[in-house]
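Examination of the molecular architecture
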Amino acid sequence: MPLPNDIRLQITSQCNYHCSHCFSSSNENDANTDLSDSEILRLLNQILHENLTAISITGGEPLVKSELVFKILKRLHGYPITKTLNTNGWFLSLPTAIRLEESGMNIVQISLDSSTEEKHDSFRKMRGSYRRALEAIENSAKAGLETHVRVTITSFNYDEMPTILELVFKKGATRLVVKPLIHSGRGSHECKPLKPEQHKRAISALLNSIHSNSNLTYNHVQFLTPCFPFLINQEYVHYKDPCECGDGLAFIASNGDVQPCGYAHLTLGNILETSLESIWSDSPHLRRWRETRLNGKCLVCEFKGICQGGCRAAAYEATGDMISPDPACWQEES
């Protein structure tokens, strides 16, 4: 089995926020099990294989360990891979953004949960987080970085998608990255479940915004699995990113555990104890997923060849089974 070409590297579980939907349940004191800087730099030797195309540096909040971020970028110098930083924006000053660009970072992805300060700060449990996020978008854009904004559709913001879209492009973003809530980590008990009809309304509103604005194209909004935009407009079949969980994508947690993705809390092995190659080839969980991708209503769905069951992490976190239908799907059984 080929090694994953997209690695999500969690360099710390520590975060200065306490967001209601956090997949890793991070907080400001949660760093006791983090690998040392030297251990993380050593494990890069396993990650940097010839087929690697992308690496995302994530947390927690990775910029609480900003010098480690720059050590990683120095180690990655010369490798033709896309390097992304996922951040809440709090520590992304203009000098830091400029240094990231000069060090080889390609994309900065900043999280935003609402178009209003009160709602965003409440959800993030940090006063000032909204203002810092908007400043971070502007700083990233000024530094010449490709600037993406990530929004998670939840039951409290599903009706804000068009206003969030307008806001982030006004601030200089180049793309809005959209994903519905997955009930994983703290999001499994602190967030009210997103109903399928709320999810559908949010995606429909975004599609209408794109089609009504001559300055926007399909590429300005990235609908991550399991958004299902093609269930509303089949033109989006051609802009569908299939779920790469446990296939082309791997998540390496801050303690070295390897997971199919960050949202699927299924430990396949630890990269300090077993090689990534062995973990990826020998895991019985991944072998079953690769052999059987569809179950339930997905078996008879007309979109099964495109969708392939939706988000595997969402299915696993909801049912304990990676081949269950994605619970975010609003498609009725035929």
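Just so it is clear, the model here is predicted, and its values are computed rather than measured.

Comments concerning the pattern of salt bridges
- The full count for this structure, using the stated rule, is 9 salt bridges.
- Note that Lys65 and Asp34 form a salt bridge whose closest N and O atoms lie 3.2 Å from each other. In this pair, Lys65 sits in the loop between strand E2 (54-58) and helix H2 (66-76) while Asp34 sits in the loop between strand E1 (6-10) and helix H1 (37-47), placing the two residues 31 residues apart along the sequence.
- Assessed through its relative accessible area of 13%, Asp34 is described here as buried.
- The residue Asp321 makes a salt bridge to Arg288 at a minimum N-O spacing of 2.9 Å. Note that Asp321 is positioned in the segment after helix H12 (312-319) and Arg288 in helix H10 (residues 284-291), a separation of 33 residues in sequence.
- On the accessibility criterion, Asp321 (18% relative accessible area) is buried.
- Among the residues examined, Arg288 registers a relative accessible area of 42% and is labelled partly exposed.

Considerations on the pairing of strand E8 (residues 249-252)
- Both faces of E8 are covered, namely the face carrying Leu249 and Phe251 and the face carrying Ala250 and Ile252.
- Of the strand pairs in this sheet, E1 and E8 are connected by 4 bridges, and their pairing is parallel. Paired with Asp6 across the two strands is Leu249, which belongs to E8.
- Sheet topology note: the E8/strand E9 (residues 257-259) ladder contains 2 bridges and is antiparallel. By the bridge assignment for E9, Ile252 is matched with Val258.
- Remark: 4 residues form the turn of the hairpin made by E8 and E9, two consecutive strands paired antiparallel; Gly256 in that turn has positive phi of roughly 95 degrees.

Rules of the game
By convention here, each chain's residues receive numbers from 1 onward along its written sequence. It should be noted that, the model being predicted, local features are given only for residues of pLDDT at least 70 and side-chain atom pairs only at 80 or more, the latter also being counted only at that level, while totals for whole chains, interfaces and linings use all residues. Water and hydrogen atoms play no part in the side-chain values, which are based on all heavy atoms of the structure. By salt bridge we mean one thing: a side-chain nitrogen of Lys or Arg within 4 Å of a carboxyl oxygen of Asp or Glu. Only DSSP runs of H or I reaching four residues or more are called helices, and only runs of E reaching two or more are called strands; each is numbered from the N terminus. For every residue, the accessible area obtained with a 1.4 Å probe (protein chains only) is divided by the maximum for its type, and the residue is called buried under 20%, exposed over 50%, and partly exposed between those limits. The rule for pairing is simple: two strands pair if DSSP sees at least two bridges between them.

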